[in-house]
Each structure stands twice: as structure tokens, then as C-alpha cells.
Amino acid sequence: MSGGSISSGKRKRARIEIIPLIDVIFFLLATFVLFTLSLTKSNGQPVRQPDSETGESRDPSGSHTVTILPAGDLAWDKDPISSAEFLQRIQDYHLQEPDGRILINGDQMAHFSGVIYVMDEARKAGFRKVFIETRTKEKAREGE
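Residues numbered from 1 in each chain as written. Predicted model: local features only at pLDDT ≥ 70, side-chain atom pairs only at ≥ 80, totals over all residues. Heavy atoms only, no water.

Q: How do you make sense of the packing of helix α2 (residues 83-96) against helix α3 (residues 112-125) when you look at a structure like this?
A: The relative placement of two packed helices is expressed as an angle between their axes plus a distance between the axes. Relative orientation of the contacting elements α2 and α3 amounts to 35 degrees, with a least axis distance of 9 Å. Between α2 and α3 the crossing geometry is right-handed. Residues S83, F86, L87, I90 and H94 of α2 touch α3, and the partners they reach there are Y117, V118, E121, A122 and A125. The residue inventory of the contact of α2 with α3, partitioned by class, reads 7 nonpolar, 2 polar and 1 charged. (Axes fitted to C-alpha atoms, helices over the stretch in contact; angles between N-to-C directions. Helix = DSSP H or I, 4+ residues; strand = E, 2+ residues; numbered from the N terminus. Left-handed = near helix turned anticlockwise from the far one by under 90°. Contact = heavy atoms within 4.5 Å. Nonpolar A, V, L, I, M, F, W, Y, C, P; charged D, E, K, R; others polar.)

Q: Could you clarify how one ought to interpret unusual backbone geometry in this entry?
A: Among all residues except glycine, the phi angle is most often negative; among peptide bonds, the trans geometry is most common. Look at D77: it is not a glycine, yet its phi comes out positive at around 50 degrees. Here K78, not a glycine, exhibits a phi torsion of approximately 70 degrees, which is positive.

Q: I tried to follow the sheet that holds strand β2 (residues 63-68) on my own but got confused; where do I start?
A: To summarise the sheet geometry, strands pair through backbone hydrogen bonds and adopt either a parallel or an antiparallel arrangement. Taken in spatial order, the 5 strands make up an open sheet running β4-β3-β2-β5-β6, and their pairing is mixed. Only two strands of the sheet have a single partner each, and these edge strands are β4 (79-81) and β6 (129-132). For this sheet the average axis-to-axis angle between neighbouring strands, irrespective of direction, equals 30 degrees. For β2 and strand β3 (residues 74-76), the ladder comprises 3 bridges, and the chain directions are antiparallel. Within the sheet, the bridge partner assigned to V66 lies in β3 and is W76. (Pairing = 2+ DSSP bridges.)

Q: Whenever I open this one, the pattern of salt bridges confuses me. Can you help?
A: Side-chain pairing between opposite charges can occur once the charged atoms of the two side chains come close. With the rule as written, the count across this model stands at 3 salt bridges. With its nearest N and O atoms 3.0 Å apart, the salt bridge here joins R89 to D79. Taken together, the residues span a long stretch of sequence, with R89 in helix α2 and D79 in strand β4 at a distance of 10 residues. The exposure class assigned to R89 is partly exposed, which follows from its relative accessible area of 28%. K124 is the salt-bridge partner of E121, the closest N and O atoms lying 3.2 Å from each other. (Salt bridge = Lys/Arg side-chain N within 4 Å of Asp/Glu carboxyl O. Buried < 20%, exposed > 50% of the residue type's maximum accessible area, 1.4 Å probe, protein only.)

Q: How should the nonpolar core be read in this particular structure?
A: Across soluble globular proteins, nonpolar side chains show a tendency to be buried alongside one another. Of all hydrophobic cores here, the largest spans 18 residues; its most connected members are W76, F86, I90, I102 and F127. Among the elements that line this core, the one with the most residues is α3, at 5 residues. Among all residues touching I102, those that are not within four sequence positions of it are H64, V66, W76, I90, Y93, A122, F127, K129, V130 and F131. (Core = buried A, V, L, I, M, F, W, Y, C linked by side-chain atoms within 4.5 Å.)

Q: How should I be thinking about α2 in this particular structure?
A: Quick reminder: α-helices carry 3.6 residues per turn. Residues three or four places apart thus point the same way. The first and last C-alpha atoms of α2 sit 20 Å apart over 14 residues, in line with the 20 Å expected at 1.5 Å per residue. Every buried residue of α2 is listed here: F86, I90, Y93 and H94. One side of α2 carries all its buried residues, which in axial view fall inside an arc of 100 degrees. Along α2, the residues that are exposed and aim more than 90 degrees away from the buried face are A84, L95 and Q96. On its buried face, α2 sits against β2, β3, β4, β5 (101-106) and α3. (Expected span 1.5 Å × (residues − 1). Arc of directions from axis to C-beta.)

See the structure below:
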């Protein structure tokens, strides 16, 4: 018997490498998470604002947006709410931020009475900065 023999009579045991297996599992997990996130839809309310030639860009910081949908329903920062919830939220917001701003984001097909209702309630709550959002003619041409 020579010392350089390849087969020594012992049977080699198979080894499972765990590190590459963990890498594959993390890759599949990350792919699943990214795919799942791409499937979630925005909860925003679809509105088409009326066009305006004199509209100005706004800074949304320090403000809340009240959306008036074509059917007359209301949304607070894209969250659908009832009229009672709107009254409660606007009062709570005024207590937290007395100098806050209310932005009215109405669909061009929404009833004007909805806009007046939101403006009246905002003023009753004590807000003096109530704005109506519109699309400028440039944004309308870009298709936003």
C-alpha cells in the first residue's frame, strides 16, 4: 500500500453549505417584498382640479387638504371621512395648529355647495388661511 492512495476505504459524507442557502432565501424574500410593495395602490382620491390661469404653486407643509369628490363626499388628506369626522378633525387641527392652513382640493365636477360648506366650517373653527387648489394652465397642458 502506498501512502498516496485516493481511496482510503472511508466514505465521504455530503456537506450542505448553509451560507449560499441563506443568500438565496434573502434574495427571494427581498424580491417578494419589492413585488408586494409595487402592487399596493395609492389610497388617494382621484380628482381633476379645475384649471386656472392665475394659480400659484403652494407649499403643502403646515397644512391639511380637504378633498371634495364629485359625489359630494369628503376626504381629509386623501382619507375618506364623514361630515361628522370632518367637523371633529378640523376642530382638533385648529387646537393643535391655530395658524394652520386648510387647502380645499375639489374635483371640477364637485358641487360648489361642498366648497362653501368646507370654507364655512374652516372659518367657524377659527382658520383664516383657507385656500382653493387649482391646476395652472401649464400643468393642464402637461397632463398632470
